[in-house]
Amino acid sequence: MTWFAIGNIADIPLRGARCVKTPQGKIAVFRTAENEAFAIEDHCPHKGGPLSQGIVHAKAVTCPLHNWVISLETGRALGADEGAVKTIALRNDDGALFIALESLMMAAE
Amino acid sequence: MTEKLVIIGNGMAPGRMLEHLIEKAPDRYEVTIFNAEPRVNYDRIMLSPVLSGEKEYEEIIIHGDGWYIKHGITLYKGHRIVAIDRDARTVTSDHGVTETYDKLVIATGSVPFILPVPGKDLPGVITYRDLDDVQAMLLAAQSREKAVVIGGGLLGLEAAAGLAGRGMDVTVLHVMPTLMDRQLDPAAGYLLEKELEGRGIKIICKANTKAIVGNGKVEGIELDDGRIIPATLVVMAVGIRPSVGLAKEAGLAVNRGIVVDQGMQTSDGHIWALGECAEVGGMVYGLVAPLYEMARVAASHLAGERSAAFVHSDTPTKLKVTGIELFSLGDFADGDDREEIVLRDAAAGVYKRVVLKGNRIIGTVLYGETADGAWFNDLKKKETDVSEMRQTLIFGQAFQGGAPLDPMAAVAALPDDAEICGCNGVCKGKIVSTIAGKGLTSLDDVRAHTKASASCGSCTGLVEQLMTLTLGESYSPAAVQPMCGCTDLGHDEVRRLIKAKGLKTIPAVMQELEWKTSCGCAKCRPALNYYLVCDFPDEYADDYQSRFINERVHANIQKDGTYSVVPRMWGGVTNSGELRAIADVVDKFEIPLVKVTGGQRIDLLGIEKEDLPAVWADLGKAGFISGQAYAKGLRTVKTCVGSDWCRFGTQDSTGLGIRIEKFMWGSWTPAKLKMAVSGCPRNCAEATCKDIGVICVDSGFEIHFAGAAGLDIKGTEVLGLVRTEDEALEHIVALTQMYREQARYLERIYKWAKRIGLDEIRRQIMDDTDKRKAFFDRFVFSQKFAQVDPWSERVSGKDKHEFRPMATIGYPQAAE
Ligand SMILES: Cc1cc2nc3c(=O)[nH]c(=O)nc-3n(C[C@H](O)[C@H](O)[C@H](O)COP(=O)(O)OP(=O)(O)OC[C@H]3O[C@@H](n4cnc5c(N)ncnc54)[C@H](O)[C@@H]3O)c2cc1C
Ligand code: SF4
Ligand code: SF4
Ligand code: FES
């Protein structure tokens, strides 16, 4: 497991997201209204929609393609829908963000 | 082995029969239906609300296409059966399809009776039976001219009220001295007449139609006494005749209707008949409750339960005209062996009459206040001896036993077997136990599970009271639909409170209106953002994080996460320079698909998000701005070539379209707004299915609005005719601003217009000059802040974070 620096939390809008490109696919990094940061695969469990493009509310994001709501904490779909994306470990050192990836990353895309 | 069941006619009676049959014997039959009407089974009763605009056709469909597919039923739409061969056991349709049957059900319903007077075949004379008739009436109503309805019964009056509501000048001709003489006594008929006249409907009783006059089309009606009543539309609603021709030709026993036994079987052991075409026990019926009873019986027999038998019962009648309370049941003619009890309240317009025979109720007429209808019906059905409560009987149920006058008390006191829904024969006990047993909380659920209030809807109030009784405070019938799970307030209330309290940020709205979540959800946030943009164009800072991705990045997201880009092409007009620039962009960015849109412009699909600003930069150099093809806002203004080129053109439709688009681009609206301008009524720009459209005519510009051509299809309504291009622009802009200020987020203009009422909109935009000017000015003010090209802003660096990854990691050499 290696920690990679990805930038500062201030680079992400409040209640917004950006993505990080990796050879194995994109990772979505979110910043909530409460200034917490989360990272999950940028790949909706429904039909692969880019979650980083959704609307962020509380600790969840609504997928831009068909409105599934995905928990940023667990990666699981909320409400009646079933499915989950992989969550990615994230460290926040006073605003400096790092994500943990295996050297052989398994992220799907 | 499955048997072949063929059904002729696809009305409400066989539809209900199939529901029962599928429940009882799902696999016994292979079912084929032939229906002369080219459509599925819909709720014929609800045609009047469709006519008046209170409902859409889609809302009254009983079995959609999917239902037939699911149950493996073959439905031939638009096939009229022209022959039954009982020896060969086949039926043949007018399109030449022949089908064999093991069992045949005839459910051909009725045909409207046509008065045999001269002129009955003139164009403009229609009956009132099916959706085609409603559509013909709606079309005729657009002219807002004069209509005559012949027949003052249930159907005629519903047609008259609907047409009047649509702006026609309506006269009802009724041959008897009293309206609805078969259901009402003269006193109630009088109150009804007064009420309808108050709504601007003229009523002529004892009117004998002699002829329908007109040259090539209807121009009026001539009465026996020589009077001529002008009309461009004549609706004949003088009764129905069971449709028995086919059965008669096949040699079945036919009287007034097709004669059937108590098990709905005809004189041929392989053939059943039900619905309005059937005659059972010497009676034919024209209301759905007994037809549904026939459906139940027929289904039992087809499923092999031979004991089921049809029993006659009286069905109460109600008039489905909003705001008129009328209830009629049983027999109420005067007679020596009868007594009556009457109550009148002139000021309140209330009239009640109960007719007794041997201390038992045999008939009831209620006008103005019908809450006790169910109770009287119950007493009559059970033949209760009412001598004990004679003194107070007429005051209704709440008076009996000194119960308090709580509106709920009446319903609470009804016995469990009291019939609440007459159409579907659902009693109180069934509704209450289903609500409790299945944990139902909404009216729709109760409809789905019990069928109560699912047909004509006139018992909805009662059903809601039962829900309140069963669920207690947790059910409030008039509850508004909340915006989303974050609040109990509906869109209208939120809009009102935003203005009243001067709330100018999303957090302020959420705080002051006590949102239940910390920062809303993907439903309420975009709505609030729109409301604030609309109400405070100068002060509110647009919250991009509360916009959907398309509006956030000003392009349309596609299923694979790439985007499409549509530059504005004013009025659908372009030139070689623009086309060349587009071609260069396509080559440079290797854009996979170039497509012409339905809105007369060019769509570039499959662009990576990171490339968007560069694509826009190149397009911008050629003079393009965003076409906002992603916006809940002004999309396109389609045009035809108009008087500059077309030999039919009456005005410069292209010029006007471009002018409108240049004036209005950039504005945000509750839902997308698409327009078109056609140069003449040939309408090549398809303006009459747009949110707002213009049809140019010699005398000026006819402004249309509230059309739809998406999930719903709907022709536009006419707002009015104006003389000059300037006026056309002013009216269109004012209408748009009214819609912007009043509609709910995501509510298209046609839905909003239906809710607000077309007349109200015409009044504010066409008739009230001050209002119109004020709307116009507010739109112009907000455009100052809205007309900034979002693409060039982003080319200059705005929202950079949207178009670049935050980091690129894990590659041998980081790319940034
Ligand atoms: C405007 C209006 C309002 C009404 N309001 C009420 C109300 O408030 N309460 C109430 O109880 N009732 C009301 N009714 C009456 C009720 O709608 C009818 O009683 C009921 O729909 C009749 O059902 P049905 O199945 O017998 O016939 P229908 O619904 O008439 O169906 C017959 C079908 O058979 C088709 N058909 C006919 N001949 C052939 C053939 N040879 N081959 C193939 N197909 C054929 C016809 O096209 C038609 O679609 C109203 C009716 C109308 C028109
Ligand atoms: S709508 Fe009329 S003016 Fe316009 S192109 Fe068609 S025919 Fe010509
Ligand atoms: S019609 Fe349906 S599939 Fe076609 S573009 Fe529109 S939404 Fe997509
Ligand atoms: S892909 Fe996310 S909701 Fe469908």
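Above this note sits the structure.
The sections below set out a description of the structure shown in this document. (Residues numbered from 1 in each chain as written. Chains lettered and ligands numbered in written order. Predicted model: local features only at pLDDT ≥ 70, side-chain atom pairs only at ≥ 80, totals over all residues. Heavy atoms only, no water.)

## As for the overall build of chain A
Working step 1: In terms of regular secondary structure, chain A is built from 0 helices and 10 strands.
Working step 2: When the helices and strands of chain A are listed from N to C terminus, the series reads β-β-β-β-β-β-β-β-β-β.
Working step 3: Per-residue burial over chain A gives 50% buried out of 109 residues.
Working step 4: Counting only contacts in chain A whose residues sit at least 6 apart along the sequence, the fraction spanning at least 24 positions is 41%.
Working step 5: Accessible surface computed for chain A: about 4,900 Å², of which carbon and sulfur atoms make up 49%. (Helix = DSSP H or I, 4+ residues; strand = E, 2+ residues; numbered from the N terminus. Buried < 20%, exposed > 50% of the residue type's maximum accessible area, 1.4 Å probe, protein only. Contact = heavy atoms within 4.5 Å. Areas by Shrake-Rupley, 256 points an atom, 1.4 Å probe, with all protein chains shown as cover.)

## Quick look at the sheet that holds strand β7 (residues 90-93) of chain B
All names here are of chain B.
Working step 1: Taken in spatial order, the 3 strands line up as β6-β7-β8 in an open sheet, and their pairing is antiparallel. Whereas interior strands pair on both sides, the edge strands pair on one side only; in this sheet they are β6 (81-85) and β8 (98-100). Each strand of the sheet is rotated relative to its neighbour by a mean of 20°, with strand direction disregarded.
Working step 2: Bridge analysis of β6 against β7 gives 4 bridges, and the strand direction is antiparallel. If you follow I84 over to β7, its bridge partner there is V91. (Pairing = 2+ DSSP bridges. Axes fitted to C-alpha atoms, helices over the stretch in contact; angles between N-to-C directions.)

## Quick look at the side chain of S328 of chain B
Working step 1: Positionally, S328 of chain B belongs in strand β24 (residues 326-330).
Working step 2: Polar side-chain contacts of S328 of chain B include one of 2.7 Å to the backbone oxygen of Q183 of chain B. (Polar contact = N/O pair within 3.5 Å; in protein donor to acceptor, adjacent residues only side chain to side chain.)

## Examining the packing of helix α24 (residues 758-767) of chain B against helix α25 (residues 769-786) of chain B
Residue and element names in this part refer to chain B.
Working step 1: Closest axis-to-axis distance for the α24/α25 pair is 5 Å, and the angle between their directions is 85°. The angle between α24 and α25 falls in the class roughly perpendicular. Contacts from Q764, I765, M766 and D767 in α24 reach T769, K771, R772 and F775 in α25.
Working step 2: Each residue belonging to the contact of α24 with α25 can be placed in one class, and the counts come to 3 nonpolar, 2 polar and 3 charged. (Parallel < 35°, antiparallel > 145°, perpendicular 65-115°, else oblique. Nonpolar A, V, L, I, M, F, W, Y, C, P; charged D, E, K, R; others polar.)

## Description of the site of ligand 1
All names here are of chain B.
Working step 1: Residues in contact with ligand 1 amount to 31 residues; listed here are only the nearest, R44, R129, E276, V288 and K320.
Working step 2: One of the backbone N or O atoms of A13 is found 2.9 Å from an oxygen atom in ligand 1.
Working step 3: One of the side-chain nitrogen or oxygen atoms of R129 is found 2.4 Å away from an oxygen atom of ligand 1.
Working step 4: Broken down by secondary-structure element, the contributors of at least two residues to the shell around ligand 1 are α1 (12-24), β2 (29-35), α5 (154-165) and α8 (288-302).
Working step 5: At 3 residues, the largest contribution of residues to the shell around ligand 1 is made by α1.
Working step 6: Partitioned by chemical class, the residues of the shell around ligand 1 number 15 nonpolar, 9 polar and 7 charged.
Working step 7: The two domains that each donate at least three residues to the shell around ligand 1 are domain 1 (3-109 + 242-302) and domain 2 (125-238). (Near = heavy atom within 4 Å. Domains from an automatic or database assignment.)

## Digging into the sheet that holds strand β1 (residues 2-8) of chain A
All names here are of chain A.
Working step 1: Judged by pairing direction, the sheet is antiparallel, and its 3 strands sit side by side in the order β1-β10-β9 without closing on themselves. On the outer flanks of this sheet lie β1 and β9 (90-93), each paired with one strand and no other. Along the sheet, successive strands turn relative to each other by an average axial angle of 25°, direction set aside.
Working step 2: Pairing of β1 with strand β10 (residues 96-101), which is carried by 6 bridges, proceeds in the antiparallel orientation. Among the inter-strand pairings, W3 is bridged to a residue of β10, identified as A100.

## Topic: helix α12 (residues 443-450) of chain B
Residues and elements named next belong to chain B.
Working step 1: Taken as a whole, α12 has its buried residues at L443, V446 and T450. Viewed along the axis of α12, the buried residues span an arc of 60°, placing them on a single side of the element. Set apart from the buried face of α12 by more than 90 degrees, the exposed residues are D444 and A448.
Working step 2: Packing partners of the buried residues in α12 comprise β29 (426-427), α11 (428-438) and α13 (460-471).
Working step 3: Phi for K451, located one or two positions after α12, is positive at around 70°. (Arc of directions from axis to C-beta.)

## Some details on the pattern of salt bridges
All names here are of chain B.
Working step 1: The final tally for this structure, using the stated rule, is 58 salt bridges over all chains.
Working step 2: Its salt-bridge partner being E3, residue K103 comes within 3.5 Å of it at the nearest N-O pair. Taken together, the residues K103 in strand β9 (residues 103-106) and E3 in strand β1 (residues 3-8) connect sequence positions 100 residues apart.
Working step 3: Note on K103: relative accessible area 13%, which makes it buried.
Working step 4: Of the charged contacts in the structure, one is a salt bridge between R16 and E19, with a shortest N-O distance of 3.6 Å. Of this pair, R16 and E19 both sit in helix α1, separated by 3 residues, roughly a single helical turn.
Working step 5: Residues joined in a network through salt bridges with shared partners are E37, R39, R44 and D132. (Salt bridge = Lys/Arg side-chain N within 4 Å of Asp/Glu carboxyl O.)

## Notes on the packing of aromatic side chains
Residue and element names in this part refer to chain B.
Working step 1: Overall, the coordinates contain 12 aromatic pairs over all chains when judged by the stated rule.
Working step 2: Judged by centre distance (5.7 Å) and plane angle (85°), the rings of W616 and F803 are edge-to-face. Within this pair, whereas W616 is found in helix α19 (residues 612-621), its partner F803 is found in helix α27 (residues 800-803), the two being separated by 187 residues in sequence. Neither residue differs from the other here; W616 and F803 are each classed as buried.
Working step 3: Aromatic ring contacts, followed pair by pair, group Y530, Y531 and Y745 into a single cluster. (Phe/Tyr/Trp six-rings, centres within 6.5 Å; stacked < 30°, edge-to-face > 60°.)

## Details of the environment of R580 of chain B
Working step 1: Among the structural elements, R580 of chain B can be located in helix α18 (residues 576-588).
Working step 2: Distance from R580 of chain B to A622 of chain B, taken between C-alpha atoms, is 9.1 Å for residues 42 residues apart in sequence.

## Quick notes on the interface of chain A and chain B
Working step 1: Taken together, the contact between chain A and chain B spans 33 residues of the former and 30 residues of the latter.
Working step 2: Inspection of the region where chain A meets chain B yields 2 salt bridges.
Working step 3: D543 of chain B serves as the salt-bridge partner of R15 of chain A, at 2.7 Å between the closest nitrogen and oxygen.
Working step 4: Counting the contacts that link chain A with chain B gives 14 residue pairs in polar contact (both at pLDDT 80 or more).

Any functional reading would require information beyond the geometric quantities listed.
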